[in-house]
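# Structure assessment
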Amino acid sequence: MAPREVALTPHPAGYDEDLRLALEDLLLDRWLSTKALLANTPTWALRTSRSQVLAASAAKGDAIAAWCAEEPQDANAIMMRARVMTHQVLASHRNTADRHTLLPKLRAARAACEEAANRWPADPVPWVCLLALAQLDVDPRQWHSVDHWANPPEAMLPRGPWPLLWQVDRRDRQNREAYHRMLQCLQTRGNGAVDFTRWVASQTGPGSVLLNLPLYAWVEDYRQRTQSRQLASRLGFWTDEQVRYYVELARDGWFSYVTDMSTCSLLDLNYLAYTLTACGLPGAGEVFTAIGPFATPAPWQHVSEGQWWQEDFLQARAYAMKNER
C-alpha cells in the first residue's frame, strides 16, 4: 500500500508495541504489564514519555492505586502515582474546576511528586511533574512557590519555574517533556513563549529533539491570532522568514538526523508535517511517511477550519505525497 493510501489508526502508543500492551491492561485495571514495562525501560527519555502516556490511561481507573497498595515501596509505583495525580489535576484545571476543589488536589499531587523524588533521587520524572503543575501558579502577586517565579538565565526571557527545569536538566539533559512543560507554563502566563523556544533552539545542537519546540509556539501563536481575528493573512503568517527559518531548522537539524523513526514523538512528527505544508516547504512527504497511520489530533484540530481534523491531515498528506514523488 502506498504511503498516501495508509488509513488513519491514531493510538497514543504509536509504534511502541510494549507500551500498547501495557495500556490495554490498564484499561482492565491491571498493573503488572506497566510494572514490567517501566522496569525494562532503558533511558530516562523513554521512561518520561512512556510514563506520561501510561498516566493518561491509568487516570481513568484504579490500577496504580492498587499497585501502590500492593507494593508501597516500589519506586516506579510511587512515580506513577505522582504521574496520575498530576494528570488529574491538570485535567480538572482544563475543565475549569473551582479553586476550592483544585487546591487540595494540587497540594496532594505536589506531595506525591516530592515523595517520588525522594524515593529515587536520580529520576527526572517527578521533577517534570512538578514543572507541569507550575503552570497553575499564574499570579505573581500570590507566589505559591518561589521556584515558580525565579529569574531567567537571559534578560530577554520571563521569570518562571527555572529551578524546576534545571532539576530535570541535572538528571536528564534537555528532557523533551520538561521543556514542553516550561513552554506551557509561559503560554499559560501569556508571556515570552516564542522567545523561550528561540532561546532553547539556540542552545541546542544538531539532532536535538528540542529543535521542534519553536513549532509548538508558532502553531499556538497562529491559533490565538486566528481565534481573535488578529491575523491579516494565513499565508503571510506561514511565509514569514522567521517562522520558515525555525521550521527548516527542525527539518534539517532534527528530522534529517533521526535514524529510527519509531523512536520519535508522534506529536513532533505531526507538528513538523503540518508546519512544512503550511509554509510550503519541501520534505513533508518524508515526514508523513514516518507518521504512517499514527496521526495525532494536535496540531490539526487546533488549526482546522472544518469539523474533522482528520480531513485536514489527509489533504495535507495527499498534497505532500503528490508533490514530492
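Preceding block: the structure.
Presented here is an overview of the structure given in this document. The model shown is predicted, which means the values in this text are computed figures rather than measured ones. (Residues numbered from 1 in each chain as written. Predicted model: local features only at pLDDT ≥ 70, side-chain atom pairs only at ≥ 80, totals over all residues. Heavy atoms only, no water.)

## Let's talk about the environment of Glu248
Along the chain, the position of Glu248 falls in helix H13 (residues 241-253). Under the relative-accessibility criterion, Glu248 is labelled partly exposed at 29%. Separated by 141 residues in the primary sequence, Glu248 and Arg107 place their C-alpha atoms 42 Å from one another. (Helix = DSSP H or I, 4+ residues; strand = E, 2+ residues; numbered from the N terminus. Buried < 20%, exposed > 50% of the residue type's maximum accessible area, 1.4 Å probe, protein only.)

## Considering the pattern of salt bridges
In this structure the tally under the stated criterion is 13 salt bridges. Glu177 serves as the salt-bridge partner of Arg181, at 3.0 Å between the closest nitrogen and oxygen. On the criterion of helical spacing, the pair formed by Arg181 and Glu177 is a turn pair, its members being four residues apart in helix H9 (residues 176-189). No difference in accessibility class separates Arg181 from Glu177, as the two residues are buried. Ionic pairing is found between Glu220 and Arg223, a salt bridge with its closest N-O pair at 2.7 Å. Of the two residues, Glu220 and Arg223 both sit in helix H11 (residues 213-227), three residues apart, roughly one turn of that helix. Given the relative accessible area of 22%, Arg223 is considered partly exposed. Several salt bridges converge on common partners, so that one network encompasses Arg83, Glu177 and Arg181. (Salt bridge = Lys/Arg side-chain N within 4 Å of Asp/Glu carboxyl O.)

## Concerning the packing of helix H1 (residues 17-27) against helix H3 (residues 44-58)
Between H1 and H3, whose axes approach to 9 Å, the crossing angle comes to 20°. The pairing of H1 with H3 is recorded here as roughly parallel in orientation. In this structure, H1 meets H3 at a crossing whose hand is right-handed. Taking contact as the criterion, the partners of Asp18, Leu19, Ala22, Leu23, Leu26 and Leu27 in H1 are, on H3, Arg50, Val53, Leu54, Ser57 and Ala58. Broken down by class, the residue content of the contact of H1 with H3 amounts to eight nonpolar, one polar and two charged. (Axes fitted to C-alpha atoms, helices over the stretch in contact; angles between N-to-C directions. Parallel < 35°, antiparallel > 145°, perpendicular 65-115°, else oblique. Left-handed = near helix turned anticlockwise from the far one by under 90°. Contact = heavy atoms within 4.5 Å. Nonpolar A, V, L, I, M, F, W, Y, C, P; charged D, E, K, R; others polar.)

## A few points about the environment of Arg30
Mapping Arg30 onto the fold places it in the loop between H1 and helix H2 (32-39). Judged by its relative accessible area of 48%, Arg30 is partly exposed. Taking the C-alpha atoms as reference points, Arg30 and Asp62, 32 residues apart in sequence, are found 8.7 Å from one another.

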